[in-house]
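Topology and contacts: notes
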Amino acid sequence: MKAQRRRFLRLVAGAAALPAAARIARAQAYPTRPVRLVIGFNAGGAPDVVARLLCQWLSERIGQNFLVENRPGAGGNIAVEAVVRAPADGYALLQVGSPNFINASLYKDLKFNFLRDVAPVASIGRNPFVMVVNPSFPAKTVAEFIAYAKANPGQINMTSTGTGNLTHVIGELFKMMAGVDMLHVPGRGEMQAQSDLLAGRAQIMFDPIVSCLGYIKAGQLRALGVTGAIPVPALPDVPTVGETVPGFDVTGAIGIGAPQDTPADVTGFLNDKVNAALVDPAIKMRLNDLGFVPTPMSAKEFGAFMAAETETWAKVIQAANIKPE
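This is a predicted model, so every value here is computed, not measured. (Residues numbered from 1 in each chain as written. Predicted model: local features only at pLDDT ≥ 70, side-chain atom pairs only at ≥ 80, totals over all residues. Heavy atoms only, no water.)

**Some words on the overall build of the protein chain**
- If you tally the helices and strands in the protein chain, you get 12 helices and 10 strands.
- Principal-axis analysis of the C-alpha atoms places the extent of the protein chain at approximately 95 × 40 × 35 Å.
- For the protein chain, the residues scored as buried account for 50% of the 325 residues in total.
- Of the roughly 15000 Å² of accessible surface on the protein chain, a fraction of 55% belongs to carbon and sulfur atoms.
- For the protein chain, the distance from the average site of its 30 positive side-chain charges to the average site of its 25 negative ones is 11 Å. (Helix = DSSP H or I, 4+ residues; strand = E, 2+ residues; numbered from the N terminus. Buried < 20%, exposed > 50% of the residue type's maximum accessible area, 1.4 Å probe, protein only. Areas by Shrake-Rupley, 256 points an atom, 1.4 Å probe, with all protein chains shown as cover. Lys, Arg positive; Asp, Glu negative; His and termini not counted. Charge placed at Lys NZ, Arg CZ, Asp CG, Glu CD.)

As structure tokens, this is what we get:
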């Protein structure tokens, strides 16, 4: 009887171990074919630069191609919809970020629920923006800018890459917290917005550091402050906006998501690899040069971050009454 019981218990234990063994085997096999990282913007911009840097690292270390697929349009919503409709097998990934957190409240007729339909995989990093002005503008500090804006209400043109874009909502948050009135004059994309700023048709922009660093270093734009809580290596002499506007701490964020119900062993494998990339000295240096702060997180931590950011921007959109174009 005891021998039969021991045999029964061994069989039960073996059966219980099968799912775990299957998960391990599946993770060890993944990926067996190229993996797509879909991004919602054109080639050449900040999201694209970071995506290609990471995909190259993953391809070299894992031995399988990780390919960037640009699916621009609708503020990134086209890319999200393409990925949430893809099989949940780890071969279609989504570069997620601040535009997705904003769009969740900005658009009322989305064909997906971002937080419900996109599973968090890994954080890549935070990208502080920088408050830049045309060099002809009289203010050389954030404090001087605020003083000028208060003395000339409604006379400063604030450009952005489009209504509802992060370059816009950061400006709206600044207006509220600094108590200034500026006219929002959106450009149609990064190129037009920067052109308007360089030509003096607009006086201020909150731009990703990666997008305007060359203009700053060339003296074509003047950096007044970075938007995060601490200075960044790419602009070591530029103070934070928060030093003048207490509590102002805003950054863009970028990471990776997957269709909901993607196996946990696959997302866990990807999270481990992305976090390994973020501590690689070469990757860290390159991201720092681009104005990014590598921010490794577990998938659970990144999911909580996604939810918190979505809530924050929902409040700004409502307070500023921002509507999509």
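Moving on from the model shown.
**What to know about helix α8 (residues 190-199)**
- Listing the buried residues of α8 in full gives Ala 193, Gln 194, Asp 196 and Leu 197. Mapping the buried residues of α8 onto a view down its axis gives an arc of 155 degrees, with all of them on the same face.
- Following α8 by one or two positions, Gly 200 has its phi on the positive side, about 85 degrees. (Arc of directions from axis to C-beta.)

**Observations regarding unusual backbone geometry**
- The linkage connecting Tyr 30 with the following residue, Pro 31, adopts the cis geometry, with an omega of -5 degrees.
- For Pro 31, the location among the structural elements is in the loop between α1 (2-29) and β1 (35-39).
- Backbone geometry places Ala 74, a non-glycine residue, at a positive phi of 55 degrees.
- Locating Ala 74 in the fold gives a position in the loop between β2 (66-70) and α3 (77-84).
- Of note in the backbone geometry, Asp 261 takes a positive phi value of approximately 80 degrees without being a glycine.
- Here Asp 261 shows up in the loop between β9 (251-259) and α10 (264-278).

**Observations concerning the pairing of β9**
- Of all nine residues in β9, nine are buried, a share of seventy percent or more.
- Relative to β9, strand β4 (residues 118-133) is paired through nine bridges, and the arrangement is antiparallel. Bridged to Gly 125 within β9 is Ile 254. (Pairing = 2+ DSSP bridges.)

**Side note on the packing of aromatic side chains**
- Applying the stated criterion across every chain yields a total of 10 aromatic pairs.
- Between Phe 137 and Tyr 148, the aromatic rings sit 5.0 Å apart at their centres with planes inclined by 70 degrees, giving edge-to-face as the arrangement. Here Phe 137 is found in the loop between β4 and α6 (142-151), whereas its partner Tyr 148 is found in helix α6, with 11 residues between them in sequence.
- For Phe 137, a relative accessible area of 6% translates into the label buried. (Phe/Tyr/Trp six-rings, centres within 6.5 Å; stacked < 30°, edge-to-face > 60°.)

**With respect to the side chain of Asn 103**
- Note that Asn 103 resides in helix α4 (residues 98-106).
- Those residues within four positions of Asn 103 in sequence are excluded, and the remaining contacts are Ala 74, Gly 75, Asn 77 and Leu 110. (Contact = heavy atoms within 4.5 Å.)

**Digging into helix α12 (residues 299-320)**
- Taking 1.5 Å as the rise per residue, α12 with 22 residues should run 32 Å; its terminal C-alpha atoms sit 32 Å apart, in good agreement.
- Backbone geometry just downstream of α12 places Asn 321 in the positive-phi region, at approximately 55 degrees. (Expected span 1.5 Å × (residues − 1).)

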